[in-house]
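# Reading the structure
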Amino acid sequence: MRVISIKILPNYVLKLVVFLLTIYIIDSCSLKHKEEVNSIFDKVNRIEILAYVDRNQWNQEDNPDYLKLNFIQNGKLKISKKYLKNRISLNKEQIEILKSKLRKCDRENWAAACYDPRHAILFYDENDKIFGHIEMCFDCNGSRSSENLKNFSECALGLEETFKKFGITYFGEEENN
C-alpha cells in the first residue's frame, strides 16, 4: 500500500485564494446591485428631482408624520407650492447619468442624528404614476425611500454635485439666514 502525502499549500498561495474569493464575492454583490438599478430604470418613463424647504419647517397639517414622506399619495405628487423650491424633469442624458451614479454608488459612510430632508428623486412609470422615490438629507447624510428602492437609496447621498449640474439650485441656504 502506498501512502500519498499531501503537501500543504504555501502561505502565499492560501492568501491568494482568500483574496480571489473575496474579490469574487464583492464583484457578485456589485453585479446584483447593478442589476437592481437596471431593473428599476427599465420601468422608468420619466424622473423628477425636487428641492423643497426642510420638512421640519412645514406646517403640521402639510406634514403630519415627519418620519414619512407624505407628499406622494396614490402615485401622485401632492406638495404645496409654498415649500417647493426646484422641480426638474430629467432628460434622457441626465437619466443615464443618474443611473450610472446610482450603479457606481459613491457614498460616505457617516450619518448624523438629524434628518432634515430637502431633496427627492421621483420615478414615474408609463402611466405617469410615481412607483418609487428616494428622499435625502445631504446635511446629515441620511435617506429614506420607497420599499422598492431601499437597496440603493444611500447611493443617492453622493448626488449633491450631480443635482447642481442638473439645475437644482436650492440646498437650504435661505433657511440658515
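Each remark here, short or long, concerns the structure printed above.
Note that the structure is predicted; figures quoted are calculated from it, not measured. (Residues numbered from 1 in each chain as written. Predicted model: local features only at pLDDT ≥ 70, side-chain atom pairs only at ≥ 80, totals over all residues. Heavy atoms only, no water.)

### Brief notes about the packing of aromatic side chains
Filter applied, for reference: In this analysis, rings of Phe, Tyr and Trp, with Trp reduced to its six-membered ring, are considered paired at centre separations within 6.5 Å, and the interplanar angle assigns stacked below 30 degrees, edge-to-face beyond 60, and tilted for intermediate values. The secondary structure listing takes helices from DSSP runs of H or I that are at least 4 residues long and strands from runs of E that are at least 2 residues long, numbered from the N terminus. For each residue, the accessible area found with a 1.4 Å probe, counting protein chains only, is set against the maximum for its type, and the residue is called buried under 20%, exposed over 50%, and partly exposed in between. Counted as over-ring charges are cases with an Arg CZ or a Lys NZ within 6 Å of the ring centre that also lie within 35 degrees of the ring normal.
Scanning all chains against the criterion turns up eight aromatic pairs. The interplanar angle of 70 degrees and the centroid separation of 5.2 Å between the aromatic rings of Y52 and F71 together place this pair among those described as edge-to-face. Placement of the pair is Y52 in strand β1 (residues 46-52) and F71 in the loop between β1 and β2 (72-73), with a sequence separation of 19 residues. Given the relative accessible area of 2%, F71 is considered buried. Counting every residue linked through ring pairs, the aromatic cluster contains Y52, W58, F71 and Y83. The ring of Y124 carries R46 above its face, with NZ or CZ at 3.7 Å from the centroid. Over the ring of F171 we find K164; its NZ or CZ atom is 5.2 Å from the centre of that ring.

The quantities given are spatial measurements derived from coordinates; they are silent on function.
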